[in-house]
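Observations on chain architecture
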Amino acid sequence: MTSALATVAARISAAARLTILTGAGVSAVSGVPTFRGREGLWRNFRPEDLATAAAFQRDPALVWEWYRWRRERIARCDPNAAHRVIATWSNGDGCRVITQNVDDLHIRAGTRDLVRLHGSIWESKCWRACGQPPWREDTRGVSPSPASGTCPACGGLARPGVVWFGESLDPSDVVSALACCDCDVFLTVGTSAIVHPAAGLVHEARRRGAFTVEINLEPTPASAVVDVAVHGRAEDILPRLLQGG
Ligand code: OAD
């Protein structure tokens, strides 16, 4: 492992363009539950049962209750060593970060140039898509009750401002993420690498000639594709990479 880390660290310091794709594993030690880990369940619902337009249509109060619980939990979490290392890299030249995480821990750690593929848990948007741009909830940990959560423009129901299963990503975010695939080193960190289109980015980066690296607790479908797969905790591995391996 030490020589693999030294190889990756050398590649990172020589890279003019570094791209990092992150998933829920990066925020796990901060206390944000991963989606597919044991803590992902809320009252026996799987995220796939709640993070859909069909679930919201059926029971908006239940879906809001889950998001309210998640907002309150994220408000109590702080960035960890993995977020801090990524923020350090992002403040150098040529580094771009793409995240699937709807928490704001990369931002709070000081990351620049961040593409938020799945939106922000702190935003809400109009359920009827009346044209009102997403708006930020002002008070941390407090989200609208189903009765008060309304669109400021049309008065219709508000919904969480995140991308749900089965929904398309914002096209401009897809363009930005694809542009990030033009890089010298592409790191995929803390993601199960099964949710597309994010999971396809490492393939695209490799196709465009990047040296690709996975850092994850366990093997994923990306492990067989990347040049180097490092299995361990992001909060342990990234600080070692920053220090040269
Ligand atoms: P997952 O919950 O699918 O995967 C998290 C990955 O992180 C797993 O492979 C874990 O092994 C790994 N992991 C856990 N703790 C770790 C640690 N400390 N260090 C390194 N790795 C660790 O979460 P995502 O891959 O982010 O989408 O899920 C992708 C998308 O699916 C989410 O953004 C969300 C979800 O459904 C939408 O809501 C649209």
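What counts as what
Residues numbered from 1 in each chain as written. Predicted model: local features only at pLDDT ≥ 70, side-chain atom pairs only at ≥ 80, totals over all residues. Heavy atoms only, no water. Pairing = 2+ DSSP bridges. Helix = DSSP H or I, 4+ residues; strand = E, 2+ residues; numbered from the N terminus. Axes fitted to C-alpha atoms, helices over the stretch in contact; angles between N-to-C directions. Contact = heavy atoms within 4.5 Å. Near = heavy atom within 4 Å. Polar contact = N/O pair within 3.5 Å; in protein donor to acceptor, adjacent residues only side chain to side chain. Areas by Shrake-Rupley, 256 points an atom, 1.4 Å probe, with all protein chains shown as cover. 1 Å grid on protein atoms, 1.4 Å probe; cavity = no way out; pocket = protein on both sides within 12 Å on 5 of 7 lines; lining within 4 Å. Sits in = over half its atoms within 2 Å of the grid points. Buried < 20%, exposed > 50% of the residue type's maximum accessible area, 1.4 Å probe, protein only. Right-handed = clockwise from strand over helix to strand, strands pointing away. Points joined across faces, edges and corners; volume = space filled by probe spheres on them. Nonpolar A, V, L, I, M, F, W, Y, C, P; charged D, E, K, R; others polar. Domains from an automatic or database assignment. Buried area = accessible area lost by both parts, 1.4 Å probe. Salt bridge = Lys/Arg side-chain N within 4 Å of Asp/Glu carboxyl O.

A look at the sheet that holds strand S1 (residues 18-22)
- With parallel pairing, six strands are arranged side by side in an open sheet as S3-S2-S1-S7-S8-S9. Each edge of the open sheet is held by one strand with a lone partner, namely strand S3 (114-116) and strand S9 (228-231). Recorded for the sheet is a direction-independent mean angle of 15° between the axes of neighbouring strands.
- Two strands pair when backbone bridges link them, and strand S2 (residues 95-99) and S3 are joined in this way by three bridges, in the parallel orientation. Pairing of Ile98 across the sheet is with Val115, part of S3.
- Helix-sheet contacts for helix H10 (residues 234-242) involve strand S7 (185-189), strand S8 (211-216) and S9, and the interaxial angle to S8 is about 140°.

Notes on the site of the ligand
- The local shell around the ligand holds 22 residues, among which Arg36, His118, Phe165, Thr191 and Ser192 are the closest.
- Measuring from an oxygen atom of the ligand, one finds a side-chain N or O atom of Glu218 at 2.8 Å.
- In the complex, 93% of the free accessible area of the ligand, which totals 790 Å², lies under the protein chains.
- Cavity membership is defined here by more than half of the atoms lying within 2 Å of grid points; on that basis the ligand lies in the largest pocket.
- Counting only elements with at least two residues in the shell around the ligand, the list comes to helix H2 (25-28) and H10.

Some thoughts on the pairing of S8
- Across the six residues of S8, six count as buried, placing the element largely inside the fold.
- Every second residue of S8 is oriented toward a common face, with Phe211, Val213 and Ile215 on one face and Thr212, Glu214 and Asn216 on the other, all of them buried.
- One ladder, built from five bridges, connects S7 with S8; its direction is parallel. Looking at the pairing, Val185 lines up with Phe211 of S8.
- Each parallel crossover has a hand, and the one from S7 via helix H9 (residues 201-207) to S8 is right-handed.
- Relative to S9, S8 runs parallel, the two being bridged by four bridges. Across the sheet, the residue bridging to Ile215 is Val230, located in S9.

Considerations on the layout of surface pockets
- Approximately 860 Å³ is the volume found for the largest pocket.
- Every residue lining the largest pocket is counted, 42 residues in all, and those nearest its centre are Ala24, Thr34, Phe35, Arg36 and Ser192.
- For the lining of the largest pocket, the secondary-structure elements that each account for two or more residues are H2, helix H5 (60-75), S8 and H10.
- Residues of the lining of the largest pocket, tallied by class, amount to 20 nonpolar, 16 polar and six charged.
- Of the residues that make up the lining of the largest pocket, three or more belong to each of domain 1 (1-31 + 79-118 + 169-245) and domain 2 (33-76 + 123-162).
- The space that makes up the second largest pocket amounts to roughly 230 Å³.
- Contributing elements (two or more residues each) for the lining of the second largest pocket: strand S4 (119-126) and strand S6 (158-162).

Thoughts on the side chain of Asn101
- Take Asn101: it is sitting in the loop between S2 and helix H7 (105-109).
- You can call Asn101 buried: its relative accessible area is 4%.
- Excluding residues that lie within four positions of it along the chain, Asn101 makes contacts with Thr22, Gly23, Ala24, Val26, Ser27 and Gly119.

Overview of H10
- Burial in H10 covers these residues: Ala234, Glu235, Ile237, Leu238, Pro239 and Leu241.
- Those residues of H10 that are buried lie in contact with helix H1 (2-14), helix H6 (81-90), S7, S8 and S9.
- Note on H10: the residue one or two positions beyond its end, Gly244, has a positive phi of about 100°.

As for the domain arrangement of the chain
- Under the domain assignment used here, the chain contains domain 1 (1-31 + 79-118 + 169-245) and domain 2 (33-76 + 123-162).
- Inter-centroid distance (C-alpha atoms) of domain 1 to domain 2 is 27 Å.
- Taken residue by residue, the interface counts twelve residues in domain 1 and nine residues in domain 2.
- Both faces combined, the contact of domain 1 with domain 2 buries some 840 Å², and carbon together with sulfur accounts for 56% of it.
- Put simply, domain 1 and domain 2 have zero salt bridges between them.
- Applying the counting criterion to the domain 1 and domain 2 interface returns two residue pairs in polar contact (both at pLDDT 80 or more).
- Here the residues of the side of domain 1 that touches domain 2 are counted per class, giving five nonpolar, four polar and three charged.

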